[in-house]
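# Structure assessment
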Amino acid sequence: MKKNLYFYCILLITCSALAQVSPAIARYDLPKKRLLLQLCSTYLYNSNQGAIDVDSSVVLAATAYKLPLRLAYEEGFNEESLIGSDLIEKGNSKGIQKLIAKSTGLEKIKILLQLGSFYLFKPGVKPDDLRKAKLYMDQAFAESNKLKVVKWQHQSLLLLGKYYYQANNQSESKKCFLQVINECRKSNDKLGSAQGLEAQGDALSNLDPEKEKILLEVISLYASLGLEEKRIENYSKITTIYFWSGRMQEAKKRLYQSLIDLRKIGFTHQQFTETTIVYVELHQHNIKDALYYALKSVKRMETEKDYTFADIFYMRLGDVYNIYGHNQEALDLYLKSIEMGRNDLDTGTWYKSFFGGVAALSLKGKNKEAVAYINSMTAKYPPKSTFDKMSVAFIKANCYEALKKNILAEKYFKEMDDYAQQLHGPETSREIAHQYTMMALFYINTNRPQKAQPYTDKVLALGNAGSKTSNSDVFQMLLYKTDSINGNFKGALAHFQDYKRINDSIHGVSRNKQIDELKIAYETKNKEQEIKFLNNQSKLRESELQKSKLLNNLSIGSLILLLIIIGLLYNRYRLKQRNHSKLEIKEREINQKNINLRHLLDEKEWLLKEVHHRVKNNLQTVISLLSSQAAYLNNDMALSAIKNSQHRIHSMSLIHQKLYKSDNIATIHMSNYIKDLVEYLKDSFSTGQRIRFEITVEPLELDVAQAIPIGLILNEAITNSIKYAFPDNSIGLVRVLLEKTEADYYLLTISDNGIGIDTTLSNSKTDSFGMSLIKGLSEDLEGKFIMENNNGTILKLEFKPEHPLDKKYLKKPVHNFDI
């Protein structure tokens, strides 16, 4: 298991059923409660990395803090308690219908909007819920038009826009939002404009550049109206955009500004922002700052006795300790996080603490215990999401690699790859890139660089696609080793220097001293330590003189040490300069050798192509000679024998022709070859439309030594079908199938729907020489030959290819030809 295994996810969520509502929540007014729900639900949605939908995250946040769900969705309907809200939340449909029948005017509109909102924002997208939501929204819109009150017309339109967004009718959704925005701008209604723009922005993807522009205008409008909670809420949405688009530095600046803004308005639930800062600082290798905010979020939670999301904060602090090398402390925190997550309102995301626990065991060198822990936990709590399944396979692969069990490690790396290909959102791209990095390093470390290359390409592709993969030390190590293998020593040196820089920033010599200092510095900030400090002030003054002397000695010692370090650094610099010169000379020598080898390889390829060309010409000459000889023969059997020989020779000639014209002179692409061979036989026997050929061939390649026997077998089998399967010019179908079986064997099947063949070979029409030839060639291929008579003749040959196929061909679709 590698040191970065625990750095696999962004945020971790579960809600604590045991938690009591914090006194701070009770003190919050309505805007702050709404802000809490929005910040918490956004955090939940992002942290689950696509595992739950937006509405489910809102339900979790409302459940965790025991707040009415309507606060998240009914902003703009009413700032006080809403009529009928209790009946709606309890699902009292009869009571609701009676209330609608009795209500008129604004009250009726509010009730209808509540009902539309209730069904629209249920977790998941169910057609029946959408239908009911649309029904009540249309009624609300009709009622608001009757009253001709602009505010409620706009509220109805905004809710309709959100409905069309969930119904995947983006054009109609945008139309509703723009109608509200344009009308509000004309009337200089800033609040209405802000609400319309906010709804439009929420409907856009975080990777859509238009979303950031819209939200900036929303922030400006709310700031001008003095609605600070709404400004902060939308400010955090832009932070999320920066986060998922990989602009970590901009995201970090906004996170720190958010802390300042939350303090100004007296919003004490700052731990969501703090734990996100921890992740970003870890991502940028600022371990000291990450530790500070990890400790701060835990201290805030314990001080306020608000353990609603305790497992998140314990897990995040465990991550920092793991990086510092305090693996046992990290393991204790992970176990504490798992216990709280499993026993509380479980969303399943405590699984990430389980991954961190495995990492802590592995970093302590207890890989066997780590594997046993994985097996026991996954047996009790199997992973549910694709992301968790991928991560379980990844941590198993790392453990087995550490145990030198490379076969098992490769098995689980491939399983990880299968799950990774099912994940496409930006929320998981960093983890996928990291896991592919480790997989590529595994193949390089086991001397299989050709297998590492596809996964290295995937890591680079994720970065080029805008996923902004993490610039970790292992990523730089992969680039260093890849460049070394490819002979790019200058690039390799640069990547190795980056690797050392990042590695040293994380695993510096003074890390234990820093963590202890930071713990002490943090603890001294609470009131109890301040009181103790004042009470012991006189004792501290007495020791100031001794400390002053000690500081003087330390200063002198530090100066001497600094001079020594400067000398060592200068010596190191000169040594690097000499090594760099040697590397440049060596690089020039290697480049010249590569040029010479390339020249020799080109000559060899040209000679091989010339050989194939001449063999093809010689075989064509033999075919021509046989044609000339046939002109002097009157014996039908002799003429038939010559004709059959011509077909056999043509099947071999066609292979050499393909090799001569192909860039690949070692193998034959069987789909094109079989298609051309069948076309030749079809033209030779002038079958016309009487006999139809159906060819299904996977994109497989064979060595020449195997392609020639396969061509001869195809020639004999198809010729027999044309000649004997369809007597009296009857209509028929000949099928050819070449596919790869599960056991890494190839299966060739040639069948027709003709009169069939006597499997005992006693039928006089059976070409005994051709059948003997097929059997002999099958034995040469060490294949298993089967002949069946089932509504026609079926010939099957299962054989093993001499060389393993390149995996890139397996991703291509099967070629189907209908002739």
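Just so it is clear, the model here is predicted, and its values are computed rather than measured.

## Remarks on the overall build of the protein chain
Counting secondary structure elements, the protein chain contains 34 helices and 8 strands. A total of 819 residues make up the protein chain; the buried ones form 48% of that total. Contacts in the protein chain between residues at least 24 apart in sequence constitute 68% of all its contacts with a sequence separation of at least 6. Of the roughly 41000 Å² of accessible surface on the protein chain, 54% is carried by carbon and sulfur atoms.

## Here we look at the environment of Ile502
Position of Ile502 among the secondary structure elements: in helix 26 (residues 489-506). Taking the C-alpha atoms as reference points, Ile502 and Gln476, separated by 26 residues in sequence, lie 8.8 Å from one another.

## Observations concerning the packing of helix 12 (residues 209-225) against helix 13 (residues 228-244)
Interaxial distance between helix 12 and helix 13 falls to 8 Å at its minimum, and their mutual angle equals 160°. One way to sum up the angle between helix 12 and helix 13 is to call them roughly antiparallel. The handedness of the crossing between helix 12 and helix 13 is left-handed. Seen from helix 12, the contacting residues are Lys211, Glu212, Leu215, Leu216, Val218, Ile219, Tyr222 and Ala223; seen from helix 13, they are Lys230, Arg231, Asn234, Tyr235, Lys237, Ile238, Ile241 and Tyr242. Of the residues that constitute the contact of helix 12 with helix 13, the class distribution is 10 nonpolar, 1 polar and 5 charged.

## Some words on the packing of aromatic side chains
Inspection of every chain in the model, using the stated rule, returns 11 aromatic pairs. Plain terms: the ring middles of Tyr163 and Tyr164 are 5.2 Å apart, the flat faces sit at 65° to each other, and that makes the pair edge-to-face. Of the residues examined, Tyr164 reaches a relative accessible area of 17% and is grouped as buried. The interplanar angle of 15° and the centroid separation of 6.0 Å between the aromatic rings of Tyr443 and Tyr455 together place this pair among those described as stacked.

## What about helix 2 (residues 30-47)?
Given a rise of 1.5 Å per residue, 18 residues ought to cover 26 Å, and the 26 Å separating the end C-alpha atoms of helix 2 matches this to within 8%. Counting buried residues in helix 2 gives 13 out of 18 residues, a clear majority hidden from the surface. Capping the start of helix 2, Asp29 holds a side-chain oxygen 3.1 Å from the backbone nitrogen of Lys32, two or three residues further along.

## Digging into the pattern of salt bridges
Summed over all chains, the structure comprises 22 salt bridges. A salt bridge links Lys32 to Glu229, with the nearest nitrogen and oxygen atoms 3.1 Å apart. Of this pair, Lys32 sits in helix 2 while Glu229 is found in helix 13, placing the two residues 197 residues apart along the sequence. Here Lys32 and Glu229 have matching classes, each one buried. Shared partners join several salt bridges into a network, and the residues in it are Glu198, Asp202, Lys230, Glu233 and Lys237.

## What about unusual backbone geometry?
With a phi angle near 65°, Lys404 is a residue other than glycine that sits in the positive phi range. Within the secondary structure, Lys404 is located in the loop between helix 21 (386-402) and helix 22 (406-420). One non-glycine residue, Asp728, adopts positive backbone phi at about 55°. Position of Asp728 among the secondary structure elements: in the loop between helix 33 (704-725) and strand 4 (732-740). Its relative accessible area of 78% is what places Asp728 among the exposed residues.

## Re the pairing of strand 6 (residues 784-789)
Direction of pairing for strand 6 relative to strand 7 (residues 793-799): antiparallel, over a ladder of 6 bridges. By the bridge assignment for strand 7, Met787 is matched with Leu795. Taken together, strand 6 and the strand that follows it, strand 7, pair antiparallel across an intervening segment of 3 residues, in which Asn791 is found at a positive phi of about 55°.

## A word on helix 7 (residues 105-120)
The end-to-end C-alpha separation of helix 7 is 23 Å, in line with the 22 Å expected for 16 residues at 1.5 Å each. Residues of helix 7 that are buried include every one of Ile109, Ile111, Leu112, Leu113, Gln114, Leu115, Gly116, Ser117, Tyr119 and Leu120, and no others.

## Brief notes about the side chain of Thr793
Tracing the backbone shows Thr793 in strand 7. Thr793 sits in the buried class, given a relative accessible area of 12%. Excluding residues within four positions of it along the chain, Thr793 makes contact with Ile750, Ser751, Asp752, Gly756, Ile757 and Glu788.

## Things to note about the packing of helix 22 against helix 23 (residues 429-445)
One way to put it is that helix 22 packs onto helix 23 with a least axis distance of 11 Å and a crossing angle of 150°. Comparing their axes, helix 23 and helix 22 come out roughly antiparallel. Between helix 22 and helix 23 the crossing geometry is left-handed. In contact with Asn406, Ala409, Glu410, Phe413, Lys414, Met416, Asp417 and Ala420 of helix 22, helix 23 contributes Ile432, Gln435, Tyr436, Met438, Met439, Phe442 and Tyr443. Class assignment of the residues belonging to the contact of helix 22 with helix 23 gives a composition of 10 nonpolar, 2 polar and 3 charged.

## Quick notes on the environment of Phe785
For Phe785, the position within the fold is in strand 6. C-alpha of Phe785 to C-alpha of Leu748: the two residues are 37 residues apart in sequence and 9.5 Å apart in space. When residues no more than four places from it in sequence are discounted, the contact partners of Phe785 are Met771, Ile774, Lys775, Ser778, Leu795, Lys796 and Leu797.

## Section: the pairing of strand 2 (residues 691-697)
Burial along strand 2 is one-sided: the residues Ile691, Phe693, Ile695 and Val697 are buried and none of Arg692, Glu694 and Thr696 is. Pairing geometry for strand 2 and strand 4, over 7 bridges, is parallel. Note on strand 4: the bridge partner recorded for Phe693 is Val734.

## Overview of the environment of Lys775
Tracing the backbone through its elements, the reader meets Lys775 in helix 34 (residues 768-780). The class for Lys775 is partly exposed, based on a relative accessible area of 41%. Along the chain, Lys775 and Leu797 lie 22 residues apart, while their C-alpha atoms are 9.7 Å from each other.

## Here we look at the confidence of the model for the protein chain
Per-residue confidence for the protein chain gives a mean pLDDT of 77, with 79% of residues at or over 70. Averaged pLDDT values for the elements of the protein chain fall to 45 in strand 8 (residues 815-818) and rise to 92 in strand 5 (residues 746-752). Overall, residues 1-21 carries pLDDT values under 50, and its contacts beyond four positions in sequence, including any with other chains, amount to 114 contacts. Considering only residues more than four positions removed or in separate chains, one finds that residues 804-819, a stretch of pLDDT under 50, has 36 contacts.

About the thresholds
Residues numbered from 1 in each chain as written. Predicted model: local features only at pLDDT ≥ 70, side-chain atom pairs only at ≥ 80, totals over all residues. Heavy atoms only, no water. Helix = DSSP H or I, 4+ residues; strand = E, 2+ residues; numbered from the N terminus. Buried < 20%, exposed > 50% of the residue type's maximum accessible area, 1.4 Å probe, protein only. Contact = heavy atoms within 4.5 Å. Areas by Shrake-Rupley, 256 points an atom, 1.4 Å probe, with all protein chains shown as cover. Axes fitted to C-alpha atoms, helices over the stretch in contact; angles between N-to-C directions. Parallel < 35°, antiparallel > 145°, perpendicular 65-115°, else oblique. Left-handed = near helix turned anticlockwise from the far one by under 90°. Nonpolar A, V, L, I, M, F, W, Y, C, P; charged D, E, K, R; others polar. Phe/Tyr/Trp six-rings, centres within 6.5 Å; stacked < 30°, edge-to-face > 60°. Expected span 1.5 Å × (residues − 1). Polar contact = N/O pair within 3.5 Å; in protein donor to acceptor, adjacent residues only side chain to side chain. Salt bridge = Lys/Arg side-chain N within 4 Å of Asp/Glu carboxyl O. Pairing = 2+ DSSP bridges. pLDDT = per-residue confidence, 0-100.

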